[in-house]
Amino acid sequence: TPLKKWMFCAVTRLLFGVDAQHLSGAFVEASHFAEECWANGLFTQPSSSPCEMEKHYHAAVQTQEGTAAWIAEEAGIGIQDQSVKQAIVRILLNGYNATATTLCWVLYVIMRHSEVRAKVYGEIDASAKNTKIKKSDNVQLHYLRMVVKETLRLYPPAWILGREALDNDWLG
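Residue indices follow the written sequence of each chain, beginning from 1 at its first position. With the structure being a predicted model, the display of local features is reserved for residues of pLDDT at least 70 and the display and counting of side-chain atom pairs for 80 or more, all residues being used for whole-chain, interface and lining totals. Side-chain metrics rest on all non-hydrogen atoms present in the structure, leaving aside hydrogens and water.

Regarding the overall build of the protein
Helix and strand counts for the protein stand at 6 helices and 0 strands. In the protein, the succession of α and β elements from N to C terminus is α-α-α-α-α-α. Contacts: residue pairs with any heavy atoms within 4.5 Å of one another. The long-range share in the protein, meaning contacts at least 24 apart out of those at least 6 apart in sequence, stands at 58%. Split by element, the accessible area of the protein, about 12,100 Å² in all, is 57% carbon and sulfur. Only DSSP runs of H or I covering at least 4 residues are called helices, and only runs of E covering at least 2 are called strands; the numbering of each starts at the N terminus. The Shrake-Rupley method, run with a 1.4 Å probe, gives the accessible areas here. Residue values count only the displayed protein chains as cover.

Encoded structure:
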């Protein structure tokens, strides 16, 4: 999606100081496919005669790793082993995916509730005071901050990630 591509570019620029716009489409598409395979429990074990879909999955993982290697090289990060590339891929996925998902839900909530939209717009207008908004102005956007936090509570970006208790626990 365009928003995820934009967030990918923002994350690579902010976290690694590189312009990876030319890689955004391939990375986002590959990541989406790989995540769908993972979520559906596909290809957990290597196959001696992989089907076309499994080949596509491995190509998607190679695209992710190739993107990570390019970013590492451009950012001057030495890649001694596979774990560095995997860490970069995880940082990218967590940085752009959850942020883009949250932004979509925030916009949904703001557009769906006219009273919330009016308060958010009013707060932004009051903060801007007919000038461009600066980074320091975001401290004054208390209502918008509450809207984002409530949106995260209602629509957590990583809701599908399963967790398993390691041990029994008792409350109370």
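Focus on the nonpolar core
By nonpolar core is meant a set of buried Ala, Val, Leu, Ile, Met, Phe, Trp, Tyr and Cys residues that side-chain atoms within 4.5 Å join together. Buried means the residue's accessible area, taken with a 1.4 Å probe over protein chains only, is under 20% of the maximum for its type, while exposed means over 50%, and partly exposed covers the values in between. One finds F8, F16, F27, I71, I88, L92 and Y96 to be the most contacted residues of the largest nonpolar core, which totals 20 residues. Put simply, the parts of the chain that give this core at least two residues each are α1 (2-16), α2 (21-39), α3 (52-75) and α4 (82-112). At 7 residues, the largest contribution of residues to this core is made by α4. Excluding anything up to four places from it in sequence, I71 contacts F8, T12, F16, V18 and L92.

So, the packing of α1 against α4
Their axes nearest at 9 Å, the elements α1 and α4 cross at an angle of 130°. Put simply, α1 runs oblique to α4. Relative to α4, α1 is oriented so that their crossing is right-handed. Contacts from L3, K4, M7, F8, V11, T12, L15 and F16 in α1 reach I88, I91, L92, G95, Y96, N97, T99, A100, T101, L103 and C104 in α4. Each residue is assigned to one of three groups, with Ala, Val, Leu, Ile, Met, Phe, Trp, Tyr, Cys and Pro labelled nonpolar, Asp, Glu, Lys and Arg labelled charged, and all others, Gly among them, labelled polar. Partitioned by chemical class, the residues of the contact of α1 with α4 number 13 nonpolar, 5 polar and 1 charged. Every axis corresponds to a line fitted to the C-alpha atoms, with the helix fit spanning only the stretch in contact, and the corresponding angles, defined between N-to-C directions, vary from 0 to 180 degrees. Should an angle fall under 35 degrees it is called roughly parallel, over 145 degrees roughly antiparallel, and 65 to 115 degrees roughly perpendicular, with every other angle called oblique. Crossing handedness is read from the near helix: turned anticlockwise from the far helix by less than a right angle, it gives a left-handed crossing, and turned clockwise, a right-handed one.

Describing the environment of V106
Summarising the element assignment, V106 is placed in helix α4. Judged by its relative accessible area of 7%, V106 falls in the buried class. When the C-alpha atoms of V106 and V148 are compared, they prove to be 6.1 Å apart, with 42 residues separating the residues in sequence. Setting aside chain neighbours within four positions, we find V106 in contact with V148 and T151.

Topic: α2
Across its 19 residues, α2 extends 27 Å between first and last C-alpha, which sits within 8% of the 27 Å expected from 1.5 Å per residue. Packed against the buried residues of α2 are α1, α3 and α4. In the stretch just after α2, G41 is the one whose phi turns positive, near 70°. Take the residue count of a helix, subtract one, and multiply by 1.5 Å to get its expected span.

Regarding the pattern of salt bridges
When a carboxyl oxygen of Asp or Glu lies within 4 Å of a side-chain nitrogen of Lys or Arg, that pair is called a salt bridge. Tallied over the full model, the rule gives 3 salt bridges. R13 is paired through a salt bridge with D19; the nearest N and O atoms lie 3.7 Å apart. Accessibility expressed as a relative area gives 46% for R13, which makes it partly exposed. What makes D19 partly exposed here is its relative accessible area of 42%. Here E52 and K55 are joined by a salt bridge, their closest N and O atoms 3.5 Å apart. Residue E52 and its partner K55 are located together in helix α3, separated by 3 residues, close to a single helical turn. A relative accessible area of 60% means that E52 is categorised as exposed.

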